[in-house]
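Residue strings, one per chain:
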Amino acid sequence: MQRKINISPSPHIHSGDTIRRNMLDVLIALVPATLVGLYFFGLGALIVGSVSIISCITFEYLIQRFLLKKTNSIGDLSALVTGVLLAFNLPSNLPVWMVIIGALVAIGVGKMSFGGLGNNPFNPALVGRVFLLISFPVQMTTWPEPAALSMHYLDAETAATPLSMIKNHFGELPHTIDLLLGNVGGSMGEVSSIALLLGGIYLLVRKVITWHIPVSILATVFVFTGIMHWGVNSAIYATPLLHILAGGLLLGSFFMATDYATSPMTAKGMYIYGAGIGIITVVIRIWGAYPEGISFAILIMNAFVPLINFYVKPKRFG
Amino acid sequence: MKTFKIGGIHPEENKLSAGKQIVDIPLPKQVIIPLAAYIGAPAAPIVAKGDKVKVGQLVGKANGFVSTNVHSSVSGTVAKIEDAMDASGYRRSSVFIDTEGDEWLETIDRTPDIKRDCALSPEEIIAKICDAGIVGLGGATFPAHVKMTLPKGKKADLLIINAVECEPYLTCDHRLMLEHSEEILVGITVSMKAIGVKRAVIGIENNKPDAISLFNNQIQKLSFKGIEVCPLKVKYPQGGEKQLIEAVTGRRVPSGALPIEVGAVVQNVGTSFAVYEAVQKDKPLIERIVTVTGKSVSSAGNYRVRIGVTLLDVVNFAGGIPEDTGKYVAGGPMMGRAVANLEIPTAKGSAGVLFIREGEAAHREMHNCIRCARCVKVCPMGLEPYLLMSLSENSLWERMESERTMDCIECGCCSYICPANRTLLDYIRFGKSTVGNIIRNRNAKKN
Amino acid sequence: MNVLIISILALSATGAVSATILFLTAKKFQVYEDPRIDAAAAALPSANCGGCGFAGCRAFATACVEADSMEGLLCPVGGTEVMKNIASILGKTAIEAEPTVAVVRCAGSCDKRARNNHYDGAKTCAIAAQLYGGETGCVFGCLGFGDCERICDFGAIGLNPETLLPEVDESKCTSCGKCVKSCPKMLIELRKKGVDSHRIFVSCRNKDKGAIARKACSATCIGCSKCLKVCAYQAITIENNLAFIDDKKCQLCGSCVAECPTGAIINKE
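Residues numbered from 1 in each chain as written. Chains lettered and ligands numbered in written order. Predicted model: local features only at pLDDT ≥ 70, side-chain atom pairs only at ≥ 80, totals over all residues. Heavy atoms only, no water.

## Quick word on the interface of chain B and chain A
Many authors give the size of an interface as the accessible area that is lost as the parts come together.
Here comes step 1: Listed per partner, the contact involves 66 residues of chain B and 37 residues of chain A.
Here comes step 2: Interface area for chain B against chain A, summed over the two sides, is near 4300 Å², with a carbon-plus-sulfur share of 53%.
Here comes step 3: When the area that chain B buries against chain A is broken down by residue, the three leading residues are Ile370(B), Arg371(B) and Arg374(B), summing to 15%.
Here comes step 4: The interface formed by chain B and chain A contains 27 residue pairs in polar contact (both at pLDDT 80 or more).
Here comes step 5: At the level of secondary structure, the elements contributing two or more residues to the side of chain B that touches chain A comprise α6 (241–249), β15 (325–330), β16 (337–339), α9 (358–361), α10 (374–378), α11 (385–393), α13 (413–417) and α14 (424–446) of chain B.
Here comes step 6: Per-element tally for the side of chain B that touches chain A: the top contributor is β15(B), with five residues.
Here comes step 7: In terms of residue class, the side of chain B that touches chain A is built from 34 nonpolar, 12 polar and 20 charged. (Contact = heavy atoms within 4.5 Å. Buried area = accessible area lost by both parts, 1.4 Å probe. Polar contact = N/O pair within 3.5 Å; in protein donor to acceptor, adjacent residues only side chain to side chain. Helix = DSSP H or I, 4+ residues; strand = E, 2+ residues; numbered from the N terminus. Nonpolar A, V, L, I, M, F, W, Y, C, P; charged D, E, K, R; others polar.)

## So, the domain arrangement of chain B
Residues and elements named next belong to chain B.
Here comes step 1: Assigned domains of chain B: these are domain 1 (122–281) and domain 2 (374–446).
Here comes step 2: One C-alpha centre belongs to domain 1, the other to domain 2; they are set 29 Å apart.
Here comes step 3: Of the residues lining the interface, six residues belong to domain 1; the matching set on domain 2 comes to seven residues.
Here comes step 4: When the buried surface of domain 1 facing domain 2 is broken down by residue, Tyr 236, Gln 243 and Ser 255 rank first, second and third, together holding 65% of it.
Here comes step 5: Taken together, the connections running from domain 1 to domain 2 amount to zero salt bridges. (Domains from an automatic or database assignment. Salt bridge = Lys/Arg side-chain N within 4 Å of Asp/Glu carboxyl O.)

## Quick look at the interface of chain A and chain C
Here comes step 1: At the junction of the two partners, chain A supplies eight residues and chain C supplies 10 residues.
Here comes step 2: Here chain A is connected to chain C by zero salt bridges.
Here comes step 3: Between the two partners, chain A and chain C, sit three residue pairs in polar contact (both at pLDDT 80 or more).
Here comes step 4: Looking at the side of chain A that touches chain C residue by residue, the classes come out as three nonpolar, three polar and two charged.
Here comes step 5: Across three bridges, the pairing between strand β1 (residues 5–7) of chain A and strand β2 (residues 117–119) of chain C is parallel. Residue Asn6(A) lies in a different strand from β2(C), and its bridge partner there is His118(C). (Pairing = 2+ DSSP bridges.)

## Considerations on the domain arrangement of chain C
Residues and elements named next belong to chain C.
Here comes step 1: Parsing chain C into structural domains produces domain 1 (1–30), domain 2 (35–90) and domain 3 (100–268).
Here comes step 2: Centre-to-centre separation of domain 2 and domain 3, based on C-alpha positions: 31 Å.
Here comes step 3: Tallying the contact residues gives five residues for domain 2 and six residues for domain 3.
Here comes step 4: When domain 2 packs against domain 3, the two sides together hide about 460 Å² of surface, and 61% of this comes from carbon and sulfur.
Here comes step 5: Among the residues domain 2 hides against domain 3, the three largest losses belong to Cys 49, Pro 76 and Val 77. Together they make up 72% of the total.
Here comes step 6: Applying the counting rule to domain 2 against domain 3 returns zero salt bridges.
Here comes step 7: Our count for the domain 2 to domain 3 interface comes out at zero residue pairs in polar contact (both at pLDDT 80 or more).
Here comes step 8: Among the residues making up the side of domain 2 that touches domain 3, the classes are represented as four nonpolar, one polar and no charged.

## A short note on the sheet that holds strand β6 (residues 70–71) of chain B
All names here are of chain B.
Here comes step 1: Spatial ordering of the open sheet is given by β3-β5-β6, a layout of three strands whose pairing is antiparallel. Strands at the two margins of the open sheet, each flanked by one partner only, are β3 (44–45) and β6.
Here comes step 2: As paired elements, β3 and strand β5 (residues 58–61) share two bridges and run antiparallel to each other. Paired with Ala 44 across the bridge in β5 is Lys 61.

## Observations concerning the nonpolar core
Here comes step 1: Leu85(A), Leu90(A), Phe255(A), Tyr273(A), Ile277(A) and Ile298(A) are the most contacted members of the largest nonpolar core, which has 130 residues in total.
Here comes step 2: Examining the composition of this core, we find that 16 residues originate from one element, helix α1 (residues 19–68) of chain A, more than from any other.
Here comes step 3: Counting 83 residues, the second-largest nonpolar core is a separate cluster that includes Cys118(B), Val269(B), Ala278(B) and Val297(B). (Core = buried A, V, L, I, M, F, W, Y, C linked by side-chain atoms within 4.5 Å. Buried < 20%, exposed > 50% of the residue type's maximum accessible area, 1.4 Å probe, protein only.)

## Brief notes about the sheet that holds β15(B)
Residue and element names in this part refer to chain B.
Here comes step 1: Taken together, six strands build an open sheet; the order of strands is β1-β14-β13-β17-β15-β16 and the sheet is mixed. Two strands lie at the open edges of the sheet, namely β1 (22–24) and β16, each paired on one side alone. Strand after strand, the sheet turns through a mean of 30 degrees between neighbouring axes, direction not considered.
Here comes step 2: Sheet topology note: the β15/β16 ladder contains three bridges and is antiparallel. (Axes fitted to C-alpha atoms, helices over the stretch in contact; angles between N-to-C directions.)

## Some details on a nonpolar patch on the surface
Residues and elements named next belong to chain A.
Here comes step 1: Taken together, Leu 204, Trp 211, Val 215, Tyr 271 and Ile 272 make up a surface patch of nonpolar side chains, about 430 Å² in accessible area.
Here comes step 2: Tracing the sequence through the fold places Trp 211 in the loop between α8 (193–205) and α9 (212–232).
Here comes step 3: For Trp 211, a relative accessible area of 43% gives the class partly exposed. (Patch = residues over 30% accessible without salt bridge, like charges linked within 9 Å, V, L, I, M, F, W, Y side chains within 5 Å. Areas by Shrake-Rupley, 256 points an atom, 1.4 Å probe, with all protein chains shown as cover.)

## Details of the packing of aromatic side chains
Here comes step 1: Taken as a whole and assessed by the stated rule, the structure comprises 13 aromatic pairs over all chains.
Here comes step 2: Ring plane angle 85 degrees and centroid distance 5.4 Å describe the contact between Trp97(A) and Phe136(A), whose orientation is recorded as edge-to-face. Of this pair, Trp97(A) sits in helix α3 (residues 96–111) while Phe136(A) sits in the loop between α4 (124–135) and α5 (137–140), placing them 39 residues apart in sequence.
Here comes step 3: Given the relative accessible area of 48%, Trp97(A) is considered partly exposed.
Here comes step 4: Plain terms: the ring middles of Tyr119(C) and Phe145(C) are 5.0 Å apart, the flat faces sit at 45 degrees to each other, and that makes the pair tilted. You can see Tyr119(C) sitting in strand β2 and its partner Phe145(C) sitting in the loop between α5 (125–131) and α6 (147–151), a full 26 residues away along the chain. (Phe/Tyr/Trp six-rings, centres within 6.5 Å; stacked < 30°, edge-to-face > 60°.)

## Points about the environment of Ile161(B)
Residues and elements named next belong to chain B.
Here comes step 1: With respect to the element layout, Ile 161 can be found in strand β9 (residues 158–162).
Here comes step 2: Judged by its relative accessible area of 0%, Ile 161 falls in the buried class.
Here comes step 3: In the structure, Ile 161 is positioned 109 residues away from Gly 270 in sequence and 9.4 Å away in space, judged by C-alpha atoms.
Here comes step 4: For Ile 161, the residues in contact, after removing those within four places along its chain, are Ile 188, Val 201, Ile 202, Gly 203, Leu 244, Gln 267, Val 269 and Ser 272.

## Here we look at the pattern of salt bridges
All names here are of chain B.
Here comes step 1: Counting across every chain of the model gives 49 salt bridges over all chains.
Here comes step 2: Across the salt bridge formed by Asp 109 and Lys 281, the nearest N and O atoms sit 3.5 Å from each other. One end of the pair, Asp 109, is in the loop between β8 (91–99) and α1 (122–131); the other, Lys 281, is in helix α7 (residues 269–281), with 172 residues separating them in the sequence.
Here comes step 3: The class of Lys 281 is buried, set by a relative accessible area of 7%.
Here comes step 4: Residues joined in a network through salt bridges with shared partners are Asp 24, Asp 102, Glu 277, Lys 283, Glu 287, Arg 304 and Arg 306.

## Digging into the pairing of strand β11 (residues 227–232) of chain B
Residues and elements named next belong to chain B.
Here comes step 1: One ladder, built from six bridges, connects strand β10 (residues 200–205) with β11; its direction is parallel. Within β11, the residue paired with Gly 203 across the bridge is Cys 230.
Here comes step 2: The handedness of the β10 to β11 crossover, carried by helix α5 (residues 209–221), is right-handed. (Right-handed = clockwise from strand over helix to strand, strands pointing away.)

## Re unusual backbone geometry
Here comes step 1: Cis geometry is adopted by the peptide bond preceding Pro11(A), which originates at Ser10(A) and carries an omega value of 0 degrees.
Here comes step 2: Looking at the secondary structure, you find Pro11(A) in the loop between β1 and α1.
Here comes step 3: Here the residue pair Tyr236(B) and Pro237(B) is connected by a cis peptide bond, since its omega of 0 degrees sits within 30 degrees of zero.
Here comes step 4: Within the secondary structure layout, Pro237(B) lies in the loop between β11 and α6.
Here comes step 5: One non-glycine residue, Asn421(B), lies in positive phi territory at about 55 degrees.
Here comes step 6: Among the structural elements, Asn421(B) can be located in the loop between α13 and α14.
Here comes step 7: With relative accessibility at 5%, the residue Asn421(B) sits in the buried group.

Structure, rendered in structure tokens:
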């Protein structure tokens, strides 16, 4: 019998790139920040992190299997990434049942209800986080005190985040070196700027993300807070450096805003999107009710992405 | 180093046969000469069953302006005129000739001497090119005389020679340049005269340093006037006409326009060689260089093949089909056509036969679009492939037209890069042909 | 008490002003429409399949109202019944139309037509047909990627997983003609449904010479013209090595079926 030869339209070669490889790279990029989180928040970070990951994967599997009845998609690792990012956005002393609810909302509402990876208009991890923030405001804004290899979980000492200190004008602001290393209060993954920058650079080098979104967010925040600090009142408004290093800005701009499905498709669109996130973040931080606004900013700009894609076209040839 | 600005990819080059000299293929028992294997109206057969023909004799006459002559590539008897499967995947009219000896037309100059001087007028040169049935040998197979006859009122100031060969694996142009550099330069000079330009630029990617230095030396040593070499940074699809013009001159051909709009004419280096042979040696286009290649091919190489010899004959001479082949491709891996079997004739546009190994031949499972925007980033025409694909899937032809589908050059960068293995180009190509039909019908109605 | 009265007055005043504005705008922008269009549209099946050749049921209803006679106007989904209804609404005479049904003219099932390659591109017939002739040696036959199945609004045509050929469910087929247009090989034909669904047709579109066709598929029409000779009603024509039975002339005698050497003529009872 003659061998069956494949036939298909061109091209006949492929770059070999896969969704799985991209997700794996994101996970690798998240390793430094994970290690820092585990170091400072110890047992709590371990529990919240593993519960979040396991429940995200489980929910994705169950929904895919029994509700959508499609082929299993956890192999592309996107649920794992969502799990890690959700944990990164939660205080490490959050009760397990809340983490599970967050994962259910992130995967079930944020992702699978739209048809799975690629169809979701909003970043799933942030949908989960914001749902929890609105439902359980107290628990979600009570952060554990960073302590080397802490063995505390629910009983951890609580601490304020740098941004809430700025907002409420109390306490001595943390040193830049603490912000860089992560020795401050906050969610598990957002505390160490160096670890996040390392991860971000890794993603840029591996070409998983492009520089447009993070750079435009950071530049907008820098300019906006710079005007407020140097131009308006340096006593009330914090320095741009503090604004960039404190809170979830780095985590948001490198890992959350760059989420493929929920960010624009063109370079020009990415500038608009990044600038929008930067402005909304600063507005919420300075005048809003919450000390931190990056998650809301990203979700709000996510909603504009279809509009941006419709009106902002790439530079055509000729 | 120059290159084009928007998009582009860097596939593995795999130029396995770059160091292999061109080898002549022995004549087979029968050749199948396709009458329709190029862009334009099929040629009309002017021979009948039982006719004796010689090498270089006209067997199919051009049918209108956008059409080309077809010549016999062997001497012998016409066996039949019948439809035969070709690289298009369909049966089309062809002339079958049984080979007897190798008797050439007396008018063809078969001496190896290089003839530099050309006293003909531009019109005479173009008439000779038309008679010789030359088509663009880069793959698009557009009749050369049509391209070189400038539309009324347009003037060119530059001839660009496409020696980029950006397709991975293929090396036929590279070898031709190394072994026939002087003939090519004469062909370029003749073409310059026909088009009426004083300047020609040979665009070569810098992965062929030997060809670049050879051309530079030859131009100096033999004092060819007005020809220069422009080394280009390696990037696919630099061989695309519009991309090459931008890379070499910085000019951008507007959407829907021809290169002449920016004063340039582009010619493939193989075509330049064919022009030399047709004008200076009176030899019609009856053979071309074919690269036989693939990762499992033991003797990848370049072969001089008469038009009409089946690819199977070529491959058998070159060592046979490798055991682990999963796909046959006529042409390069990015834009070539997959074929079901190799019993199809070598056409004027067949640049190579590529064997893709079983493991690499199958399309991997397709996933949802994750909107990573890589296709947008690599598209050399600045289009949005992800959008065009979904528009095509949903038959939204008007929107597709306004998103400039017709600009697509079908280079395949989008499908190549897609991490979700989406068949972007399949759908875009289909949409493009549908939109093209809609536009043609609309224009026909208007007139 | 005062608050109550003010609220009631304010609300009534707003309501009155809005009503006036609405009334005036409606008057100003009113477009006259023949009320019979609504009536006719209501009688149609509202499938909006486009099988009648118009852009949806309403457009068809408009055409019916505007036309002088009902000649050439047929809702394939509703059939004669619906057309009679519409005609009576519009006070016109209905024209009887023979019911038709979609027929697939390819019999090259897997056992009759060997597949010698594997198509690996986007799984639609339209794209595959653009690339090449198909997985078998026959370039005229069914590709089997189900464009007709996807386009059918009524679930009336579907690929049989064993033969990989589409099969029409007559009880569901409305002969709207969408599948006819969707098939890049033009294999589907709308034919007379026939008495008790009895039909005889050539289930092949292969125009190759007999020898080539035979090599590719054992159920092909080889253009031998044996059927032509036995047909007593001149219903059969042969063009480009392919026989065709005209359903208007065919009397369903079945003599050609017995004569066909390859079984390309199908007698469906």
